[in-house]
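A structural walkthrough
Okay, here's what each chain looks like letter by letter:
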Amino acid sequence: MKITVIGTGYVGLVSGACMAEMGNDVLCLDLDPEKIRILKEGGIPIHEPGLDAVVARNVEAGRLHFTTDVAEAVRFGTIQFIAVGTPPDEDGSADLQYVLSAARNIGRLMTDYKVVVDKSTVPVGTADKVKAAIADELAKRGQEMEFAVVSNPEFLKEGAAVEDFMRPDRIVVGADDERAIHLMRALYAPFQRNRDKLVVMDVRSAELTKYAANAMLATRISFMNELALLADRMGADIEMVRQGIGSDPRIGYHFLYAGCGYGGSCFPKDVKALIRTARENGQDLKVLQAVEDANDVQKMVLVDKIVAKFGEDLSGRCFALWGLAFKPNTDDMREAPSRVIINELFRRGATVTAYDPVAMTETKRIYGDEPRLTLADKPMDALEGADALLIVTEWKEFRSPDFERIKSALKQPVIFDGRNLYEPEVPRAAGIEYHCIGRSAS
Ligand SMILES: NC(=O)c1ccc[n+]([C@@H]2O[C@H](COP(=O)([O-])OP(=O)(O)OC[C@H]3O[C@@H](n4cnc5c(N)ncnc54)[C@H](O)[C@@H]3O)[C@@H](O)[C@H]2O)c1
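Throughout what follows, the structure given in this document is the object of discussion. Since the structure is predicted, the reported quantities are computational estimates derived from the model, not experimental observations.

Calculation notes
Residue numbering note: each chain is counted from 1, following its sequence as written. The predicted origin of the model limits local features to residues at a pLDDT of at least 70 and limits the giving and counting of side-chain atom pairs to 80 or more, whereas totals for whole chains, interfaces and linings rest on all residues. Only hydrogens and water are set aside; all other atoms, that is, all heavy atoms of the structure, feed into the side-chain values. Residues are counted as near a molecule or strand when any one of their heavy atoms sits within 4 Å of it. Think of a polar contact as two N or O atoms within 3.5 Å of one another; within protein, one of them needs to be a possible hydrogen donor and the other a possible acceptor, and neighboring residues in sequence only count if both atoms come from side chains. Here, Shrake-Rupley sampling with a 1.4 Å probe gives the accessible areas, and only protein chains in the shown set may cover a residue. Charged residues are taken to be Asp, Glu, Lys and Arg, nonpolar residues to be Ala, Val, Leu, Ile, Met, Phe, Trp, Tyr, Cys and Pro, and polar residues to be all remaining types, Gly included. Each pair of aromatic rings taken from Phe, Tyr and Trp, with Trp reduced to its six-membered ring, is defined by centres within 6.5 Å and is described as stacked if the planes are under 30 degrees apart, edge-to-face if over 60, and tilted in the remaining cases. Note on conventions: DSSP H or I runs of at least 4 residues are helices, E runs of at least 2 residues are strands, and numbering of each starts at the N terminus. Only protein chains enter the accessibility calculation, which uses a 1.4 Å probe; a residue is then buried when its area is under 20% of its type maximum, exposed when over 50%, and partly exposed in between. In this description, the term disulfide denotes a pair of cysteine sulfurs within 2.5 Å. Structural elements are reduced to axes, namely lines fitted to C-alpha atoms, with helices fitted over the stretch in contact, and the angle between N-to-C directions of any two is expressed from 0 to 180 degrees. Our angle categories are set so that under 35 degrees counts as roughly parallel, over 145 as roughly antiparallel, 65 to 115 as roughly perpendicular, and the remainder as oblique. Note on contacts: a residue pair is in contact if any heavy atoms of the two residues lie within 4.5 Å. Within this scheme, the nonpolar core is defined by two criteria: the residues are buried Ala, Val, Leu, Ile, Met, Phe, Trp, Tyr or Cys, and they are joined through side-chain atoms within 4.5 Å. Between Lys or Arg on one side and Asp or Glu on the other, a salt bridge is scored when a side-chain nitrogen of the former is within 4 Å of a carboxyl oxygen of the latter. Think of it this way: DSSP has to see at least two bridges between two strands before they count as a pair.

Near the ligand, the surroundings consist of 26 residues, among which D30, K35, T86, E158 and K269 are the closest. The separation between an oxygen atom of the ligand and a polar side-chain atom of D30 is 2.6 Å. Side-chain polar atom of S265 to a nitrogen atom of the ligand: 3.4 Å apart, as the coordinates give it. Compared with its free state, where it exposes 830 Å², the ligand has 90% of that area covered by protein. Each residue belonging to the shell around the ligand can be placed in one class, and the counts come to 10 nonpolar, 8 polar and 8 charged.

Attention now goes to the packing of aromatic side chains. Under the criterion given, the structure shown has 11 aromatic pairs. For the pair W322 and F398, a centre-to-centre distance of 4.9 Å together with 25° between the ring planes defines the contact as stacked. Of the two residues, W322 sits in strand 9 (residues 318-322) while F398 sits in the loop between strand 12 (388-391) and helix 16 (403-409), which places them 76 residues apart along the sequence. Comparing W322 with F398 shows no difference in burial state: the two are buried. Relative to Y422, the ring of F403 lies with its centre 5.0 Å away and its plane at 90°, an arrangement referred to as edge-to-face. With F403 in helix 16 and Y422 in the loop between strand 13 (414-417) and helix 17 (425-429), the pair connects residues that are 19 residues apart, well separated along the chain. The class for F403 is buried, based on a relative accessible area of 11%. A residue is classified by how much of its surface remains accessible, and Y422, at 4% relative accessible area, is buried. An aromatic cluster of three or more residues is present, and its members are F165, Y188 and F191.

Moving on to the state of the cysteines. As used in these notes, a disulfide is a covalent bond between sulfur atoms, one from each of two cysteines. Scanning all chains against the criterion turns up 0 disulfides. Distance from the sulfur of C28, which forms no disulfide, to the nearest cysteine sulfur (C18) is 11 Å. Exposure remark for C28: the relative accessible area of 0% places this residue in the buried category. Cysteine C266 is unpaired, with the sulfur of C18 as its nearest cysteine sulfur at 16 Å.

Further remarks concern the environment of R405. As for its position among the elements, R405 is in helix 16. Looking at R405, the relative accessible area reads 48%, which means it is partly exposed. In sequence terms R405 and L383 are 22 residues apart; their C-alpha atoms lie 9.4 Å from each other.

The subject of this paragraph is the packing of helix 9 (residues 203-234) against helix 10 (residues 238-246). Between helix 9 and helix 10, the shortest axis-to-axis distance is 9 Å and the interhelical angle comes to 130°. It follows from the interaxial angle that helix 9 and helix 10 lie oblique. Within the contact between the two elements, helix 9 uses M224, L227, A228 and A231 and helix 10 uses I238, R242 and I245. Along the lines of polarity and charge, the residues of the contact of helix 9 with helix 10 split into 6 nonpolar, no polar and 1 charged.

Once that is clear, we can look at the nonpolar core. Counting 61 residues, the largest nonpolar core has W322 and I406 as the members making the most contacts within it. Of all the elements, helix 13 (residues 301-310) adds the most residues to this core, at 6 residues. Counting 42 residues, the second-largest nonpolar core is a separate cluster that includes A20, V26, V55 and V162.

Our next topic: the pattern of salt bridges. Per the stated rule, a full pass over the model turns up 34 salt bridges. Salt-bridge contacts for R104 lead to E137; the nearest nitrogen and oxygen are separated by 2.7 Å. Residue R104 is located in helix 5 (residues 97-109), and its partner E137 is located in helix 6 (residues 126-140); the two are separated by 33 residues in the primary sequence. Its relative accessible area of 33% is what places R104 among the partly exposed residues. For R365, the salt bridge identified is with E362, shortest N-O distance 2.8 Å. Here R365 and its partner E362 are both found in helix 15 (residues 360-367), 3 residues apart, which amounts to about one turn of the helix. The exposure class assigned to R365 is exposed, which follows from its relative accessible area of 60%. Exposure remark for E362: the relative accessible area of 18% places this residue in the buried category. By sharing partners, the salt bridges in this structure join R104, D136, E137 and K140 into a single network.

The phi torsion at E335 lies on the positive side, around 55°, for a residue other than glycine. By the element assignment, E335 lies in the loop between strand 9 and helix 14 (337-347).

Before going further, it helps to spend a moment on the sheet that holds strand 10 (residues 351-355). Across the sheet, which stays open at both edges, the 6 strands sit in the order 11-10-9-12-13-14 with parallel pairing between neighbours. Looking along the sheet, the strands with just one partner apiece sit at the ends: strand 11 (373-375) and strand 14 (433-435). Looking at each pair of strands side by side, their axes are set apart by 20° on average, direction ignored. In this structure, strand 13 lies alongside strand 14, joined through 3 bridges in parallel fashion.

Now the structure itself:
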């Protein structure tokens, strides 16, 4: 099949590369010339495990191409995937300007039947807006041409995106056009050889399904974070509680880890957007509002513990920070808890020396030459002369450190662990004061 992917970011590049891997001809469009330049020169503009090999293999095979040329992109694919960003607008709603601009480009330039697929996460009713935008552009040209709009939300996880796309749990397709459904079935057949994973539904239900999935996952995290705060007050251990409830198959173990808040490019904005959509439609989503409020509190939990130990005025103090990305295996720092923590420490007069295995370039892009932030080349280098160590992302390389070295490098042997990486008795046995989340009992 001939496929155009509009937007070559975390979702677009992974989807495009994986569809090429299955033998399709794929053209990825982005308006950012720098991204396309990097890709054309054989590089990868993001960090995503395993993606470089899939991209290289399919470029080499002549199935995967990149362009900034909108007309070429519209001409190329019968299927046009829209995978552009949908960032939060000022009022929390999803900003649809990029989606609608992509739709207008299709309407302006198409010359034959197109299946336009919304892969971006978009509020209920967006497919109708996309349809109207394309129809409007066709009308301006005095043309009548057949096209279908399909909702096909993406469920991949950054850090495991290639694996998720190649072996999806489910493929949600919202469509009311038989020809488009047939094409989507054919496109996704190679990704579901052991069982049918396609869940075909109406367009609006598909749009809502994506928000429901992220809202549910965010709810589990905020629920555990609030219980962790209670556990700290009551002398209980949230890790024991997690194991106690996770063993119930109705609950399961996933997404029940207490920590210093969720971040990333999806949960915060999708929770906000769903609350907003609901409000616009006369419904208050009280549970979800609480999920968001609890997360705002949680992003401050390490700062609160630091202030309790060192006082409100942190001037002259330096903190070592491990983990800048919003989660492991990605360089994505959108809405990362690390950013809230760093800014709160700056506000109180402290400086920060930080390390992350892959997010250093992104950190430099965000913070520029901020004098209060130093980047260390190795985790241990960040500790020299620091007042305490903060752990913000649960990278594997932080899981089994040399606590004796940590102790001797720090000015004071104190760890504030926002990801509960260690059994508390282990750093404590090495003489380190260890603060974690919801484990005051241990
Ligand atoms: N990142 C994830 O883990 C993830 C997972 C599932 C769904 N999503 C959703 O997928 C969508 C894309 O997310 P992302 O993380 O890949 O975003 P991203 O910011 O990494 O990529 C979006 C890309 O679209 C490009 N773009 C914007 N307007 C364009 C246009 N008119 N034509 C061509 N290119 C254009 C931008 O330059 C950018 O490179 C969002 O709606 C997001 O919510 C993301």
